[in-house]
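Residue-level listing of the chains:
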Amino acid sequence: DVLAEHVRLRELVKLPTLDPFTGTGAIPDYLRRLGAERMFTNDIQQLVPLTYQYDATSRFNWECMGVFDYVVTSPPFELLDLALPLILYHTRKAAFLHVPGDYLANSKHRLQMITDLTWSVKVIYGLPPVPGRPVRPCVWLCLFQDPVTESVLWRGSDGVHPPRDC
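Structure report, in brief.

Calculation rules
- Position numbers for residues count from 1 along each chain, tracking the sequence in the order it is written.
- Totals for whole chains, interfaces and linings use all residues, but because this is a predicted model, local features are given only for residues with pLDDT of at least 70 and pairs of side-chain atoms are given and counted only at 80 or more.
- Excluded from the side-chain calculations are hydrogens and water; all other atoms, namely the structure's heavy atoms, are used.
- What counts as a helix is a DSSP run of H or I of at least four residues, what counts as a strand is a run of E of at least two, and both are numbered from the N terminus.
- Only protein chains enter the calculation, and the probe is 1.4 Å; a residue is then buried if its accessible area is under 20% of its type maximum, exposed if over 50%, and partly exposed in between.
- For the purpose of counting charges, residues Lys and Arg are taken to be positive, whereas Asp and Glu are taken to be negative. His and the chain ends are not included.
- In what follows, salt bridge is the name for a side-chain nitrogen of Lys or Arg lying within 4 Å of a carboxyl oxygen of Asp or Glu.
- Contacts are assigned to residue pairs with any non-hydrogen atoms lying within 4.5 Å of each other.
- What counts as a ring pair is set by centres within 6.5 Å for rings of Phe, Tyr and Trp (its six-membered ring), and what kind of pair is set by the plane angle: stacked under 30 degrees, edge-to-face over 60, tilted for all other angles.

## Describing the side chain of Asp19
Point 1. In this fold, Asp19 is placed in strand β1 (residues 17–19).
Point 2. Arg32 provides the closest opposite charge to the buried, salt-bridge-free Asp19, at an N-O distance of 8.6 Å.

Written as structure tokens, this is what we have:
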């Protein structure tokens, strides 16, 4: 897994983690296999057993779910602009989002939003295709709250894999 090559996921799974766009449950299942005991799940559609069943693009619903140390998710690409600010506001330490490779390209307002929230950004390239999603280059967008969290979790350099389609 590309994310595990760059992020110390075994450190991440020690604290409460949310996948707000659980879908089929691939991310929570993977993190549970790594030892996540406090893995919370949410999706507006219940395809798998969920902790919550809310619309994760609603601020009110995030207030119901609370704040989590970590968020790891692959939101529907068309909802990223709604989801990203909510995720950042309700995450204490770090968020990891599977996003289109061009999500930050030529988008000063997205970069400014992340900068305004004082998060450091790492981008992991070279992800395998995601079944059922349009073919386009994808990345993991890794957003850290502070240098301490980054030093605990980050193990790799940016962009060491060549981009692939997903």
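## Considerations on helix α5 (residues 80–89)
Point 1. All buried positions along α5 are accounted for by Leu80, Ala83, Leu84, Leu86, Ile87 and Leu88.
Point 2. Of the surrounding secondary structure, the elements contacted by the buried residues of α5 are α4 (59–65), β3 (68–73), β4 (91–100), α6 (108–116) and β6 (138–144).

## Considering the pattern of salt bridges
Point 1. Inspection of every chain in the model, using the stated rule, returns five salt bridges.
Point 2. A salt bridge links Asp29 to Arg32; its shortest N-O distance comes to 3.6 Å. Of this pair, Asp29 and Arg32 are both found in helix α3 (residues 26–33), three residues apart, which corresponds to roughly one turn of the helix.
Point 3. Residue Asp29 is classed as partly exposed on the basis of its relative accessible area, which comes to 38%.
Point 4. Take Arg32: its relative accessible area is 38%, and that puts it in the partly exposed class.
Point 5. Of the charged contacts in the structure, one is a salt bridge between Asp81 and Arg110, with a shortest N-O distance of 2.7 Å. Taken together, the residues span a long stretch of sequence, with Asp81 in helix α5 and Arg110 in helix α6 at a distance of 29 residues.
Point 6. The exposure class of Arg110 is buried, given its relative accessible area of 16%.

## A short note on the packing of aromatic side chains
Point 1. Summed over all chains, the structure comprises five aromatic pairs.
Point 2. Arranged with centres 6.5 Å apart and planes meeting at 20°, the rings of Phe40 and Tyr52 form a pair that is stacked. One end of the pair, Phe40, is in strand β2 (residues 39–41); the other, Tyr52, is in the loop between β2 and α4, and 12 residues separate them in sequence.
Point 3. Taking relative accessible area as the criterion, Tyr52 reaches 18% and is therefore assigned buried.
Point 4. Consider the rings of Tyr52 and Tyr54, whose centres lie 5.9 Å apart with planes at 25°: the pair is stacked.
Point 5. For Tyr54, a relative accessible area of 28% translates into the label partly exposed.

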